[in-house]
Amino acid sequence: MRRETLEQLELFRQSVDDEKTIEKIDNLSNSILDDGDTHRSARRDAKKLKRINRRLSFYKRFKMALQSDIDIDPGRIMGLTDGIFGMVMTLLVFGIALPELQIASYSDYISFISSLAPTIGVTIVSFVLIGSFWIYHHEFIKLKTLNIPYLWINILFLICISFMPFTTSLIGNYSHFFLSEALFGLDIFLTCALFLLMYYYAYSRNFLERMPSHDERHYFYHTFFIIMGFAIIVNLLDFNVSSNFIYLFLLVPVISTVRDITFRMKS
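Engineer: Describe the packing of aromatic side chains, naming the residues involved and giving the relevant values.
Structural biologist: A full pass over the atoms with the stated rule returns 21 aromatic pairs. Relative to Tyr136, the ring of Phe133 has its centre 6.3 Å away and its plane inclined at 75°; by these criteria the two rings are edge-to-face. Remark: Tyr136 and Phe133 occur in helix 5 (residues 106-140); sequence separation between them is three residues, near one turn of the helix. With relative accessibility at 2%, the residue Phe133 sits in the buried group. With relative accessibility at 5%, the residue Tyr136 sits in the buried group. Consider the rings of Phe195 and Phe224, whose centres lie 4.9 Å apart with planes at 5°: the pair is stacked. Highlighted residues: Phe195 in helix 8 (residues 178-204) and Phe224 in helix 9 (residues 214-240), separated in sequence by 29 residues. A residue is classified by how much of its surface remains accessible, and Phe195, at 0% relative accessible area, is buried. A relative accessible area of 0% places Phe224 in the buried class.

Structure, rendered in structure tokens:
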């Protein structure tokens, strides 16, 4: 009885990768060896083995169900992504508000346009950033299948994209508050982080139509790490030095284009 129990435990141990479960199995094996082959000990060990078997079975079934592919056409999520990107880009322009009072003179009109300059500038910056993310999405995310975790990672990414008009309005109207700068930078940082997670998960689960090489993955990860670090530096400079540093974000497509050309030349 003891030998059979130990053999079953060893089979269970080889089939799991959870460290806590492995530790429990090892402790139970040691307990069986120490207790001896008494009838009472065998019954207690059998109960412990049954409990581990139930927990292990539930964990494996849950993991398999969670990671299994779902019957959703990847083209649907691409369509949703394109629609949200288009809507967000449109809302950025709608965030530039007209004056509440009627403008009577040309000088008042010039003053109004001048007062809108910071908002228009930040709107252009946000538009360029969102456009860059749209290009990245179409360049790197080409799916042949997907599952539930990937679907929700993509939705979280789209949530960050959808907040761009709001954070843009904050920094356009309240740039003198550090929290506005922080929220704008945080939105960009989280968008990059979720895009990295989305790409890594799609690659690790073999969801991509074409599996990228090691050099391609290295190029992709480094590009986004550069953008994330760039976002932190620009926001700190924008608040502590000059509000004009926000326009450094216009260098993001330049950086990605230069890196793309350099990578293609090496390839």
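Resuming the write-up.
Engineer: Got a sec to walk through the packing of helix 9 against helix 10 (residues 252-266)? Specific residues and values, please.
Structural biologist: Interaxial distance between helix 9 and helix 10 falls to 11 Å at its minimum, and their mutual angle equals 160°. Taken together, helix 9 and helix 10 sit at an angle that is classed as roughly antiparallel. Note on packing geometry: the crossing formed by helix 9 with helix 10 is right-handed. For the pair helix 9 and helix 10, contact is made by Asp215, Glu216, Tyr219, His222, Thr223, Ile226, Ile227 and Phe230 and by Val252, Ile255, Ser256, Arg259, Asp260 and Phe263, respectively. Its residues placed into classes, the contact of helix 9 with helix 10 shows seven nonpolar, three polar and four charged.

Engineer: A description of the pattern of salt bridges should follow, citing residues and the corresponding values.
Structural biologist: The tally for this structure, following the rule as stated, stands at three salt bridges. In this structure, Arg264 and Asp260 form a salt bridge, with 2.8 Å as the shortest nitrogen-oxygen distance. Note that Arg264 and Asp260 are positioned in helix 10 at a spacing of four residues, about one turn of the helix. Since its relative accessible area comes to 55%, Arg264 is described here as exposed. For Asp260, a relative accessible area of 17% gives the class buried. One connected set of salt bridges, linked through shared partners, spans Glu139, Asp260 and Arg264.

Engineer: Tell me about the environment of Tyr247, and please be specific about residues and values.
Structural biologist: Within the secondary structure layout, Tyr247 lies in the loop between helix 9 and helix 10. Put simply, Tyr247 and Gly121 are 126 residues apart on the chain and 7.7 Å apart in space, counted from C-alpha to C-alpha.

Engineer: So what's going on with the packing of helix 4 (residues 74-94) against helix 6 (residues 148-162)? Which residues, and what values?
Structural biologist: Orientation of helix 4 relative to helix 6, taken along the N-to-C sense of each, is 10°, at an axis distance of 10 Å. The angle between helix 4 and helix 6 falls in the class roughly parallel. Contacts between helix 4 and helix 6 pair Ile77, Leu80, Thr81, Ile84, Phe85 and Val88 from the former with Tyr150, Leu151, Asn154, Phe157, Leu158, Ile161 and Ser162 from the latter. Of the residues belonging to the contact of helix 4 with helix 6, the class tally is ten nonpolar, three polar and no charged.

Engineer: So what's going on with the nonpolar core? Which residues, and what values?
Structural biologist: Residues Leu143, Tyr150, Phe195 and Phe249 are the most contacted members of the largest nonpolar core, which totals 51 residues. Taken together, the elements giving at least two residues each to this core come down to helix 4, helix 5, helix 6, helix 7 (164-173), helix 8, helix 9 and helix 10. Broken down by element, the residue count for this core peaks at ten residues, all from helix 8. Those residues in contact with Tyr150, other than ones at most four positions away along the chain, are Ile77, Ile141, Leu143, Met198, Tyr201, Ala202 and Phe207.

Engineer: So, the side chain of Thr123: which residues are in play, and what are the values?
Structural biologist: Topologically, Thr123 is positioned in helix 5. On the basis of relative accessibility, which here comes to 7%, the residue Thr123 falls in the buried class. Contact partners of Thr123, with chain neighbours within four places excluded, come to Leu92, Val93, Ile96 and Thr168.

Rules used in this analysis
- Residues numbered from 1 in each chain as written.
- Predicted model: local features only at pLDDT ≥ 70, side-chain atom pairs only at ≥ 80, totals over all residues.
- Heavy atoms only, no water.
- Phe/Tyr/Trp six-rings, centres within 6.5 Å; stacked < 30°, edge-to-face > 60°.
- Helix = DSSP H or I, 4+ residues; strand = E, 2+ residues; numbered from the N terminus.
- Buried < 20%, exposed > 50% of the residue type's maximum accessible area, 1.4 Å probe, protein only.
- Axes fitted to C-alpha atoms, helices over the stretch in contact; angles between N-to-C directions.
- Parallel < 35°, antiparallel > 145°, perpendicular 65-115°, else oblique.
- Left-handed = near helix turned anticlockwise from the far one by under 90°.
- Contact = heavy atoms within 4.5 Å.
- Nonpolar A, V, L, I, M, F, W, Y, C, P; charged D, E, K, R; others polar.
- Salt bridge = Lys/Arg side-chain N within 4 Å of Asp/Glu carboxyl O.
- Core = buried A, V, L, I, M, F, W, Y, C linked by side-chain atoms within 4.5 Å.

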